[in-house]
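What follows is each chain in one-letter form.
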Amino acid sequence: FFFSCSPLAVAMATEALPQPLFALPGGPPSGSHAAPAGPTEARTSPPTASPERGDTMVVESNRDRGMRLVEEVVSRWSSKYMHYTKFVGAETNLLRFETIFSLPSGERPVPIAVVRVHFTVDVSSVPKLCWQFEHESVQHTVDQTLTSGKFEGWLDRLIVDKSIVRTVHDLSTPFEHTRLRPPSAVEEVVEEEDPERSLSEESFEVEGTHELTLAETLANIFDAADEEDEGFLTHKEVADLLYATPLGLSDWDIKLLMTTAHENELGSIEYKPFVQAAPELTDALQKRRQAFVNRNQPTATITHEAMDLCFAEEFEETVKVMREIFEQADPDNTCFLSRHDFRQCLLQKHERFSPQEVQVLMQMVRENDFGSLNYEDLGSVLQQLRIDSLHNALVETDVESLRKHLILILRRHGLPLSGVSCQMPIWTLRRVLLEADQCCLSRMQVHVLLCILEPDFEGNVDVHYFLRVICAVVPHMFDAATFMATAGRIQTEKAEQQALEEMQELQGFTSGIAMTQKAAGEDDEEDQAGPDREYVEKALQQVLQTADKEHSQHQTLRVPEFLGAMQNDHLQTCKLSDAEIRGFIAEAEINSNLEIAYTEHVKRWAPVIFELRKSKVYEGYLTGEAMLANLSKFEKTFPTMYPPTTPPEESGGEASGEGGVKMLSRTTTNRRRSMTRTNTEAGPPASRSGKKPANGVDEG
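Residues numbered from 1 in each chain as written. Predicted model: local features only at pLDDT ≥ 70, side-chain atom pairs only at ≥ 80, totals over all residues. Heavy atoms only, no water.

1. Regarding the overall build of the chain
Okay, step 1: Broken down by element type, the chain carries 24 helices and 15 strands.
Okay, step 2: Sorting the 700 residues of the chain into buried and exposed places 47% on the buried side.
Okay, step 3: Within the chain, counting contacts between residues at least 6 apart in sequence, those at least 24 apart form 71% of the total.
Okay, step 4: Surface exposure of the chain reaches about 35400 Å², of which carbon and sulfur atoms provide 51%. (Helix = DSSP H or I, 4+ residues; strand = E, 2+ residues; numbered from the N terminus. Buried < 20%, exposed > 50% of the residue type's maximum accessible area, 1.4 Å probe, protein only. Contact = heavy atoms within 4.5 Å. Areas by Shrake-Rupley, 256 points an atom, 1.4 Å probe, with all protein chains shown as cover.)

The structure is reproduced here in structure tokens:
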């Protein structure tokens, strides 16, 4: 009844806690030591910039401060019990954490009973902390709690109470007794540890038994949890077991490991195949994490305020759209959905969520004891996902690993092993980006990458060019310092705009004449900005319907007809930029008959065009100069195609910029035929900003 997994991870941590962030009454008792932090969000937080690196010191996030405050308190309670603390969720200015205390031993590595303490941190002004033990109603604070030295006895009492209840109501099975039977006493042998040996290769010693590998340890732990010997465990049980096992992984890495576990419709996981693959995956994650740290990543700490500045409108629109879908799937308005139903709701909006985002979101959304997910948390969880993805860009910021990952996926989609050059359809490359499961690309980021790529008239893109673009833009998107600089620029622009409006108001621009002039000016700005969303949707629909000469029942067009329609002169009235047209074409879903359902396509992607126009984060990628990475040095160790060849564009005379990334003008380096229409008499289409090419040369 009270069976629970042990927080074994704390036994492996040896690092001392950081200096106290908050002053607590009395201070820590002399000689006491805090149990090291377990696999919590505190371990996923980026390391603070060191003075040796010369980086600017960053402000610690509320979540990290809350975690440290909880650890400051619980570390003084007991020197006997092991504990680990995990972040549970957030509500406005309240952060919730849970600390689990247990007494694992060599004879019983999985303790029969544990004590859970629920903490709430108020970060609205001066951080305030309160907590309660288990389901008790008494609320403790730093000033009103047990006296010093009484906490360990309090934990003992709760453990004893649970043991008594278990004795009276013993629901354990004979199978559990065989797994938890104490082994015969033998002489304890202590071996010197090898500091260079990775945790995934390390053997786990249980007193009285032979040395166990990680695979055997996981198998024993999962078998012990599977009391009915069904071969399946719930997602929550698997997650709790992984967090309680000393894998040497951060919280983010454990979530990535969980994404490889296949769930059935009931939200259960067949754990034996997962356990077999776990050691190899764990070793790979450890190596990536170490390489990430060696590259001095992340370069900054992402704050919630910065994330709001950059993506608040995107989050708001996503939550609004998904709420309607969630409410349809939840007619009783319980705010909870099964894991299967929650996933299906997310997959309905594939223009909002990439497969990578869906996989990680399924590990982050709060889960109750019945395996259901609270969809009310989607907004805050989505924001935290974006922050964590920037803090843990293990592959995204490593050009060599990113390139290799993409090439392996390209080969699965038909990239030949040998040759000099190869072109692939833009729609195939879209699938490659969506299948890049080692990168946590958002769906909007994938769309921006497709807008940047320049296919020919048939929709084909050179593979070398594709790799150079992706390996330049993706590391730039996931650089934490660059993101924070962008957020600072956006904040400055908003402050300047607000100050200008206040100044105009103080100078009397609110008078009748001034208001009339202001309204006329706003009308002129709207005219310059182009037609609205409704007009563009109708225009696109009309152009595609005109191209549908067969008037198909399902309103579909063949690919050549669709591409031809996108060069129609009537689209000039929509004032769509080349990048917007390229992205609209690249997102088209092609069915088995090589046809595109254009009506649904317009309804799904026309709104995204206007949403993207509002983003200050992506406008530099769409209107600025093209970014191309120099990948020639990687061709020797891992060639794109055999025999190793150097792409023609990389052997030219352009000088590479810093970090092997070239900044090239689109108008002067476009050596492919663009699928977007170019008028030779009028010159290239103007961008949304109305600026001419910097060199004044017309592409036509």
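2. Observations regarding the packing of aromatic side chains
Okay, step 1: For the structure on display, the rule yields 15 aromatic pairs.
Okay, step 2: On the basis of an interplanar angle of 45° and a centroid distance of 6.2 Å, the ring pair of Phe311 and Tyr618 is categorised as tilted. Here the residue Phe311 occupies a position in helix H9 (residues 304-329), and Tyr618 occupies one in the loop between helix H22 (598-613) and helix H23 (619-623), the gap between them amounting to 307 residues.
Okay, step 3: By relative accessible area, Phe311 is classed as buried at 7%.
Okay, step 4: Tyr618 gets classed as buried once you look at its relative accessible area, which sits at 2%.
Okay, step 5: Ring pairs connect the aromatic residues Trp77, Phe101, Phe119, Trp131, Phe133, Phe151 and Trp154, which therefore count as one cluster.
Okay, step 6: If you follow Arg63 out to its NZ or CZ, it ends over the ring of Phe87, 4.1 Å from the centre.
Okay, step 7: Sitting above the plane of the Phe610 ring, Arg613 keeps its charged end 4.8 Å from the centroid. (Phe/Tyr/Trp six-rings, centres within 6.5 Å; stacked < 30°, edge-to-face > 60°. Lys NZ or Arg CZ within 6 Å of the ring centre and 35° of its normal.)

3. Observations concerning the pairing of strand E4 (residues 128-133)
Okay, step 1: Across six bridges, strand E3 (residues 115-122) lies against E4 in antiparallel orientation. Each bridged residue has a counterpart across the sheet, and for Val117 the counterpart in E4 is Phe133.
Okay, step 2: Taken together, the two bridges between E4 and strand E5 (residues 140-141) define a ladder with antiparallel strand orientation. The residue bridging Cys130 from the neighbouring strand is Thr141, located in E5.
Okay, step 3: Counted between consecutive antiparallel strands, the loop separating E4 from E5 contains six residues, among which Glu134 sits at a positive phi close to 50°. (Pairing = 2+ DSSP bridges.)

4. Some thoughts on the nonpolar core
Okay, step 1: The biggest cluster of nonpolar side chains holds 116 residues, and the ones touching the most others in it are Phe466 and Phe562.
Okay, step 2: With eleven residues, the single largest contributor to this core is helix H16 (residues 463-477).
Okay, step 3: Residues Phe222, Leu233, Leu249 and Val275 belong to the second largest nonpolar core, which totals 26 residues. (Core = buried A, V, L, I, M, F, W, Y, C linked by side-chain atoms within 4.5 Å.)

5. Some thoughts on the confidence of the model for the chain
Okay, step 1: Averaged over every residue, the pLDDT of the chain is 78; residues scoring 70 or more account for 74%.
Okay, step 2: Here residues 182-209 is modelled with pLDDT under 50, and outside its nearest four sequence neighbours on either side it reaches 42 contacts, counting other chains as well.
Okay, step 3: Counting interchain partners and residues more than four positions distant, the pLDDT-below-50 stretch residues 644-659 has 29 contacts. (pLDDT = per-residue confidence, 0-100.)

6. Focus on the sheet that holds E4
Okay, step 1: Pairing is antiparallel in the open sheet, where five strands are placed in the order E1-E2-E3-E4-E5. The sheet is open, and its two edges are formed by strand E1 (82-91) and E5, each paired on a single side.
Okay, step 2: Where helix H2 (residues 62-74) meets the sheet, it contacts E1, strand E2 (94-102), E3 and E4, and its direction lies at approximately 35° from that of E2. (Axes fitted to C-alpha atoms, helices over the stretch in contact; angles between N-to-C directions.)

7. Quick look at the side chain of Thr640
Okay, step 1: Checked against the element boundaries, Thr640 lands in the loop between strand E14 (626-629) and strand E15 (661-664).
Okay, step 2: There is a polar contact of 3.2 Å between the side chain of Thr640 and the side chain of Arg403.
Okay, step 3: For Thr640, the contacting residues outside a window of four places in its chain are Arg403, Ile407, Arg411, Leu415, Pro416, Val463, His464, Leu467 and Glu635. (Polar contact = N/O pair within 3.5 Å; in protein donor to acceptor, adjacent residues only side chain to side chain.)

8. Let's talk about unusual backbone geometry
Okay, step 1: Each neighbour pair has its own omega, and for Gln297 with Pro298 the value is -10°, a cis peptide bond.
Okay, step 2: Secondary-structure assignment places Pro298 in the loop between helix H8 (271-294) and H9.
Okay, step 3: The backbone of Glu134 shows a phi angle near 50°, a positive value even though the residue is not glycine.
Okay, step 4: With respect to the element layout, Glu134 can be found in the loop between E4 and E5.
Okay, step 5: Overall, Glu134 belongs to the buried group, its relative accessible area being 12%.
Okay, step 6: Even without being a glycine, Cys335 presents a positive backbone phi close to 70°.

9. Concerning the pairing of E3
Okay, step 1: Sheet topology note: the E2/E3 ladder contains eight bridges and is antiparallel. Bridging from a neighbouring strand, Ile100 pairs with Arg116 of E3.
Okay, step 2: Taken together, E3 and the strand that follows it, E4, pair antiparallel across an intervening segment of five residues.

10. Remarks on helix H12 (residues 378-391)
Okay, step 1: For H12, with 14 residues, the first-to-last C-alpha span of 20 Å sits near the 20 Å given by 1.5 Å per residue.
Okay, step 2: Inspection of H12 places Leu378, Val381, Leu382, Gln383, Gln384, Leu385, Arg386, Ile387, Asp388, Ser389, Leu390 and His391 among the buried residues, and these make up the whole buried set. (Expected span 1.5 Å × (residues − 1).)

11. Considering the environment of Thr301
Okay, step 1: On the secondary structure map, Thr301 appears in the loop between H8 and H9.
Okay, step 2: Residues Thr301 and His391, spaced 90 residues apart in sequence, show a C-alpha to C-alpha distance of 7.3 Å.

12. Let's talk about the packing of helix H11 (residues 355-364) against H12
Okay, step 1: Running from N to C, H11 and H12 point in directions that differ by 115°, and their axes come no closer than 10 Å. Taken as axis vectors, H11 and H12 run roughly perpendicular relative to one another. Crossing angle aside, the handedness with which H11 passes H12 is right-handed. Residues Glu357, Val360, Leu361 and Met364 of H11 touch H12, and the partners they reach there are Val381, Leu382, Gln384, Leu385, Arg386 and Asp388.
Okay, step 2: Of the residues belonging to the contact of H11 with H12, the class tally is six nonpolar, one polar and three charged. (Parallel < 35°, antiparallel > 145°, perpendicular 65-115°, else oblique. Left-handed = near helix turned anticlockwise from the far one by under 90°. Nonpolar A, V, L, I, M, F, W, Y, C, P; charged D, E, K, R; others polar.)

13. Focus on the environment of Glu265
Okay, step 1: Relative to the assigned elements, Glu265 resides in the loop between helix H7 (251-259) and strand E7 (268-270).
Okay, step 2: Residue Glu265 is classed as exposed on the basis of its relative accessible area of 60%.

14. A word on the packing of helix H6 (residues 235-244) against H7
Okay, step 1: Relative orientation of the contacting elements H6 and H7 amounts to 140°, with a least axis distance of 11 Å. When the axes of H6 and H7 are compared, the pair comes out oblique. Note that H6 runs across H7; the crossing there is right-handed. Facing His235, Val238, Ala239, Leu242 and Tyr243 of H6, the residues of H7 in contact are Asp251, Ile254, Lys255, Leu257 and Met258.
Okay, step 2: Taken together, the residues that form the contact of H6 with H7 break down as seven nonpolar, one polar and two charged.

15. Examining the pattern of salt bridges
Okay, step 1: Per the stated rule, a full pass over the model turns up 35 salt bridges.
Okay, step 2: Note that Glu98 is salt-bridged to Lys86, the shortest N-O span being 3.7 Å. Residue Glu98 is found in strand E2, and its partner Lys86 is found in strand E1; the two are separated by twelve residues along the sequence.
Okay, step 3: The exposure class assigned to Glu98 is buried, which follows from its relative accessible area of 10%.
Okay, step 4: Residue Arg558 pairs with Glu561 through a salt bridge whose shortest N-O separation is 3.7 Å.
Okay, step 5: For Arg558, a relative accessible area of 38% corresponds to the partly exposed category.
Okay, step 6: The class of Glu561 is partly exposed, set by a relative accessible area of 32%.
Okay, step 7: One network of salt bridges, with partners in common, ties together Lys86, Glu98, Arg116, Lys236 and Asp240. (Salt bridge = Lys/Arg side-chain N within 4 Å of Asp/Glu carboxyl O.)

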